[in-house]
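# Structural description and commentary
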Amino acid sequence: MLPSVRHLPDVPAFALDNDGGTYAFAVGPEGEPLRHLHWGARLTDDDIRDLASASGSRWRTFDSVPRNHDEELPAWGGQRYDDVALKVTGPGGGGLRLTYAGHSLAAAGAEASLAVRLVDALQEVAVTVHYRLFADSPVLGRRVSIEAIGERRLLLDAACSATWTLPERARLNVTAVYGGWGAETQLQRAPLVRGRTVFESRKGMTGHHGQPWVALDAGASETSGEVWSAALEWSGSWKTSVQRPSEGSTTVTIGVNDFDSALEIASGATFTTPESVALRSTTGFDGMTAAWHDYQRRFVLREPELLRPVLYNSWEATEFDVGHQQQLELARIAAEMGVELFVVDDGWFGARDSAAAGLGDWTVNPRKFPDGLAPFVADVHALGMRCGLWVEPEMVNPDSDLYRAHPEWVIRFPEREPALRRGQLVLNLAREDVRDWMLETLSRLVAESGVDYLKWDANRPIADPGWGTDPAPEGRDLWTEYTLGLYGVLDTLRERHPALLIEACAGGGGRVDLGMLRRTHQVWTSDNTDALDRIPIQRGYSYVYPPQTMSAWVTDVPNFLTKRSTPLRFRFHAAMRGVLGIGGDLRRLGPEAIGEHRELVAEYTRIRPAVQQGRMHRLEGLDERGVDAVQYTSADGSLAAVLLLAPSAAFGPQHLRVRLRGLDPDGVYRHGGREVSGALLMDAGVRFVATGDYSSALEVIERVSERPAPSGSR
């Protein structure tokens, strides 16, 4: 459906309608805040009038007044003790009293928008709350603009993008991800306790230990029940605070982390928060996932129609010891396997023979590539593959020409020794000269070498957030400006080189979020490539982010991290669930193994459109048997692929039935040499036999035609 915004001037109130139902709020009497009314089923105008006529929550002497779940934009001031989305200090001291000052509506193509302007004359601040709706989607976007309308500056102590208020429910569960390096995106779902539950990063990047999204449900399953989910389009420090009061509705306040942050807004200037997006699903977590994936493909991702290429990365084969002929030997084998993109990882530049030196010196090492990079890239192109390079442009080693020339460019407190981690420091992207240097260096590298792809890594978080050896500029927030600076470099690099593919990486999955996915084609999910460990990592990733953004490799065994050995097919079937890559030492393989790789790559490219661009379903009913099954159905419904992983089968073979989803019950599908109905495949399922440890299978189901009517029917 086309989204719409209804204005009810007699209330006055606003109703935002999309595929998720109705989201409504009202303008309070003069001097009172915007009142949140509803986020749920579709309501009529009279329904909204009825909600607006009801009084707000009951409160007691020591409660927040009003409660934040009664407000559309809780702003600190007065008797507010709940979570707030906004805290501003202006000429009038602390606290805000925001009054409605007008609104504007707009519709363009697949989007509709509403902007509501609020003003506090004493504090000389104007706040605009922006809403966006999208056609054929339950997703609703929100962000806030804060403007200094007087002659004095404002101090912005906290500016979250949104407070999302859920309908009151007796019980709620909260779902989020946790983890660490090598164990990212581990799902956790638990009953939501009374009080505040906080998820956050204070690292200057999204972080391995969590991600800026959350989901709440009132007893939903994979395929049924209501789920509300919110996410933040931001790649720096973030915070999500879920507040469940002793009585009343639960709220989710999400935005840039206010820890150690104090941003000044000069007279006449405006600061706008990153966008938070949220949705309501009435078909469980499967519906939530489908809506998130569809939203990103239509409104976020770079080139969503582009099938991400099968890549080979040389890191595990050669580490820092790279060279033209040696890499070309690997490239020839990769091309024979059907690989489409060859990537030279770390070690090609500067004095880079270990992690201790060379970062920042992004010129080719003449000892390793005597003729430069361009001839090597041409050799890879001649093999029918694209060519890429690993870079880590945000970091610098003290042992580098760049650091010796510009020690003032690193983030550090000037009076302390800089905090090294992994032998490197972080360049200050809040500085214009650093951004200019980075953009020109990378742009020149891409133009002169002819590479098609960059793997953009970032192997440490920010620490000691000072402005280097120079004094900190007054009123500027390094945490926020760093992330905006990173976005500026990436956006301009893309404008200059529109065909360039970029994969985001931060020591694995340390920077996975909607802000980074808007600017890159895919992300490196985890440095852990063990196929068994990848099952929960990729499952947690799939809840919000589409498979076409999830890079997954097949690497050598025993795995470098877990020392576990798994069969080649099991490793491939795990990696086929995203953007397939290969990362082992191909020189160790004989003709038979190379042929097996080639066959498995061909199997992936056959199902790739369904995996990368189709509808994904996490299939139910096998968890208690230790089997993980995922179905991908192509956008046109012509092909479904099921990837099954059974790590262990005790007491002989396991005979399993895997029930499919999302097929046409009246369609005829070919599977295993037979033609059967979609109804049968969804009700009885497909048969899978798991024997021993690390069984796996790829089941392909192709649509043939409509099912004929039963004989004798009319």
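This text follows the structure it describes.
Residues numbered from 1 in each chain as written. Predicted model: local features only at pLDDT ≥ 70, side-chain atom pairs only at ≥ 80, totals over all residues. Heavy atoms only, no water.

Attention now goes to the overall build of the protein. Helix and strand counts for the protein stand at 13 helices and 39 strands. Here the protein has a C-alpha radius of gyration of 27 Å; the compact-globule value for 714 residues is 27 Å, and the two agree. The principal-axis extent of the C-alpha atoms belonging to the protein is close to 85 × 80 × 45 Å. Residues counted as buried form 61% of the 714 residues belonging to the protein. Long-range pairs, those at least 24 residues apart, make up 69% of the contacts in the protein with a sequence separation of at least 6. (Helix = DSSP H or I, 4+ residues; strand = E, 2+ residues; numbered from the N terminus. Rg over C-alpha atoms; globule rule 2.2 N^0.38 Å. Buried < 20%, exposed > 50% of the residue type's maximum accessible area, 1.4 Å probe, protein only. Contact = heavy atoms within 4.5 Å.)

Counted at 1.5 Å a residue, the expected span for helix α10 (residues 531-542) with its 12 residues is 16 Å, and the 16 Å between its end C-alpha atoms agrees. Turning to α10, its buried residues are A531, R534, I535, I537, Q538, G540, Y541 and S542. For α10, the side-chain oxygen to backbone nitrogen distance between the N-cap and L532 is 3.0 Å, and the N-cap itself is D530. (Expected span 1.5 Å × (residues − 1). Polar contact = N/O pair within 3.5 Å; in protein donor to acceptor, adjacent residues only side chain to side chain.)

As a further point, take the packing of aromatic side chains. What characterises a pair of aromatic rings is the spacing of the ring centres plus the angle enclosed by the ring planes. With the rule as written, the count across this model stands at 26 aromatic pairs. Seen in terms of ring centroids, W213 and Y543 are 6.5 Å apart; in terms of plane orientation they differ by 25 degrees. Their pairing is stacked. One end of the pair, W213, is in strand β15 (residues 213-217); the other, Y543, is in the loop between α10 and β30 (550-554), and 330 residues separate them in sequence. Comparing W213 with Y543, the two get one shared label, buried. (Phe/Tyr/Trp six-rings, centres within 6.5 Å; stacked < 30°, edge-to-face > 60°.)

A separate point is the pattern of salt bridges. Opposite charge on two side chains permits pairing when their charged atoms draw close. Inspection of the entire model under this criterion finds 48 salt bridges. Across the salt bridge formed by R615 and D286, the nearest N and O atoms sit 2.5 Å from each other. Of the two residues, R615 is situated in strand β32 (residues 615-618) and D286 in helix α2 (residues 284-299); the sequence distance between them amounts to 329 residues. What makes R615 partly exposed here is its relative accessible area of 35%. Given the relative accessible area of 7%, D286 is considered buried. As a salt-bridge pair, E440 and R496 come within 2.9 Å of each other at their nearest N and O atoms. Highlighted residues: E440 in helix α7 (residues 432-449) and R496 in helix α8 (residues 478-496), separated in sequence by 56 residues. Connected via shared salt-bridge partners are D286, R615, E620 and R661. (Salt bridge = Lys/Arg side-chain N within 4 Å of Asp/Glu carboxyl O.)

Of the two faces of strand β5 (residues 86-90), the one lined by L86, V88 and G90 is fully buried and the one lined by K87 and T89 carries no buried residue. Of the pairings in the sheet, the one linking β5 to strand β11 (residues 154-165) comprises 4 bridges and is antiparallel in character. Counterpart to T89 in the pairing with β11 is L155. Bridge count for β5 against strand β6 (residues 93-94) is 2 bridges, and the pairing is antiparallel. In the sheet register, T89 faces β6, and the bridge partner there is G94. Hairpin geometry of β5 and β6 is characterised by an intervening segment of 2 residues between the two adjacent antiparallel strands. (Pairing = 2+ DSSP bridges.)

Backbone phi values are negative for most residues with the exception of glycine, while trans is the configuration of most peptide bonds. Of the consecutive residues V11 and P12, the connecting peptide bond is found in the cis state with omega at -15 degrees. Mapped onto the elements of the fold, P12 is located in the loop between β1 (4-8) and β2 (13-18). Omega for the peptide link from V557 to P558 comes to -5 degrees, which places this bond in the cis form. Within the secondary structure, P558 is located in the loop between β30 and α11 (568-575). Phi at D464 is positive, roughly 45 degrees, even though this residue is not glycine. Mapped onto the elements, D464 comes out in the loop between β27 (453-456) and α8. Here D464 falls in the partly exposed class, since its relative accessible area comes to 23%.

Turning our eyes to something else, we now look at the packing of helix α4 (residues 324-337) against helix α12 (residues 591-613). Contact geometry for α4 and α12: axes closest at 8 Å, N-to-C directions at 50 degrees. It follows from the interaxial angle that α4 and α12 lie oblique. Here α4 contributes I333, E336 and M337 to the contact with α12, which in turn contributes I594, H597, R598 and V601. For the contact of α4 with α12, the per-class residue count stands at 4 nonpolar, 1 polar and 2 charged. (Axes fitted to C-alpha atoms, helices over the stretch in contact; angles between N-to-C directions. Parallel < 35°, antiparallel > 145°, perpendicular 65-115°, else oblique. Nonpolar A, V, L, I, M, F, W, Y, C, P; charged D, E, K, R; others polar.)

Working definition: the strands of a sheet are paired by backbone hydrogen bonds and lie parallel or antiparallel to each other. Taken in spatial order, the 4 strands line up as β1-β2-β3-β4 in an open sheet, and their pairing is antiparallel. Edge positions in the sheet fall to β1 and β4 (35-40), since each of these pairs with one other strand and no more. With direction set aside, neighbouring strand axes in the sheet form an average angle of 15 degrees. Packing of helix α1 (residues 45-53) onto the sheet brings it into contact with β1, β2, β3 (21-26) and β4, and relative to β4 it is tilted by some 135 degrees.

This part covers the layout of surface pockets. Empty space within the largest pocket amounts to approximately 740 Å³. Lining the largest pocket are 33 residues, with W181, R422, N459, G507 and D527 sitting closest to its centre. Residue composition of the lining of the largest pocket, by class: 12 nonpolar, 9 polar and 12 charged. (1 Å grid on protein atoms, 1.4 Å probe; cavity = no way out; pocket = protein on both sides within 12 Å on 5 of 7 lines; lining within 4 Å. Points joined across faces, edges and corners; volume = space filled by probe spheres on them.)

The next point concerns the side chain of T483. Tracing the sequence through the fold places T483 in helix α8. For T483, a relative accessible area of 2% gives the class buried. In contact with T483, other than residues within four places in its own chain, are G204, W234, S235 and G236.

Between two packed helices, the angle of one axis relative to the other and the distance separating the axes together describe the packing. Where helix α5 (residues 373-382) meets α7, the closest approach of the two axes is 8 Å, and the angle between their N-to-C directions is 55 degrees. When the axes of α5 and α7 are compared, the pair comes out oblique. Judged by residue contacts, L373, A374 and V377 of α5 engage L445, E448 and S449 from α7. The residue inventory of the contact of α5 with α7, partitioned by class, reads 4 nonpolar, 1 polar and 1 charged.

On the surface, a cluster of nonpolar side chains totalling about 290 Å² of accessible area is made up of W181, F560 and L561. As for its placement among the helices and strands, F560 is situated in the loop between β30 and α11. (Patch = residues over 30% accessible without salt bridge, like charges linked within 9 Å, V, L, I, M, F, W, Y side chains within 5 Å. Areas by Shrake-Rupley, 256 points an atom, 1.4 Å probe, with all protein chains shown as cover.)

Right, let's talk about the pairing of strand β35 (residues 654-658) for a bit. Alternating positions in β35 separate cleanly, Q654, L656 and V658 being buried on one face and H655 and R657 remaining unburied on the opposite face. Here 5 bridges tie β35 to strand β38 (residues 686-690), and the two strands are oriented antiparallel to one another. Looking at β38, one finds that R657 is bridged to R687.

Further remarks concern α2. Relative to the 22 Å expected for 16 residues at 1.5 Å per residue, α2 spans 23 Å between its end C-alpha atoms, a close match to the ideal helical length. Burial of α2 is extensive: 14 of the 16 residues sit out of reach of the surface.

What tends to happen in soluble globular proteins is that the nonpolar side chains get buried as a cluster. Counting residues in hydrophobic clusters, the biggest one holds 116 residues, and the most contacted among them are W292, Y312, F342, W348, W456 and F572. Beyond its immediate sequence surroundings of up to four residues, F572 is in contact with V554, L580, I582, H597, L600 and V601. Counting 55 residues, the second-largest nonpolar core is a separate cluster that includes L34, Y131, A159 and C160. (Core = buried A, V, L, I, M, F, W, Y, C linked by side-chain atoms within 4.5 Å.)

Glancing now at the environment of P9. With respect to the helices, strands and loops of the structure, P9 is situated in the loop between β1 and β2. The exposed category is assigned to P9, whose relative accessible area is 58%. Distance from P9 to A26, taken between C-alpha atoms, is 9.8 Å for residues 17 residues apart in sequence.

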